Amino acid sequence: MDLWDQVRKETLEGFKTKDDAWFAANIDEGVNNHWAWFHILEHSANHMGQIALVKSRLPE
């Protein structure tokens, strides 16, 4: 979990250096940085939910 927290912190710091033009820039046909990062963060949230579920079912 510490690694997840560190990666999240570094990602948020990196986003502070980006502007709207960067998010709107195409990285592939029909895919821009905003679209790509939205889906990356959405997948991350799903995995964090899965991890929380598994952890809650582990014996203490």
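Reference entry: report on the structure contained in this document.

## As for the pattern of salt bridges
Stage number 1. One pass over the full model with this rule turns up one salt bridge.
Stage number 2. Note that K16 is salt-bridged to E13, the shortest N-O span being 3.2 Å.
Stage number 3. For K16, a relative accessible area of 62% translates into the label exposed.

## Regarding the packing of aromatic side chains
Geometrically, a pair of aromatic rings is defined through the distance of the ring centres and the angle of the planes.
Stage number 1. Scanning the entire structure with this criterion turns up three aromatic pairs.
Stage number 2. Ring centres of F15 and F23 lie 5.6 Å apart, and the angle between their planes is 45°; this geometry places the pair in the tilted category.
Stage number 3. For F15, a relative accessible area of 19% corresponds to the buried category.
Stage number 4. Between F15 and W37, the ring centres sit 5.0 Å apart and the planes meet at 85°, which makes this aromatic pair edge-to-face.

What counts, and at which threshold
- Residues numbered from 1 in each chain as written.
- Predicted model: local features only at pLDDT ≥ 70, side-chain atom pairs only at ≥ 80, totals over all residues.
- Heavy atoms only, no water.
- Salt bridge = Lys/Arg side-chain N within 4 Å of Asp/Glu carboxyl O.
- Buried < 20%, exposed > 50% of the residue type's maximum accessible area, 1.4 Å probe, protein only.
- Phe/Tyr/Trp six-rings, centres within 6.5 Å; stacked < 30°, edge-to-face > 60°.

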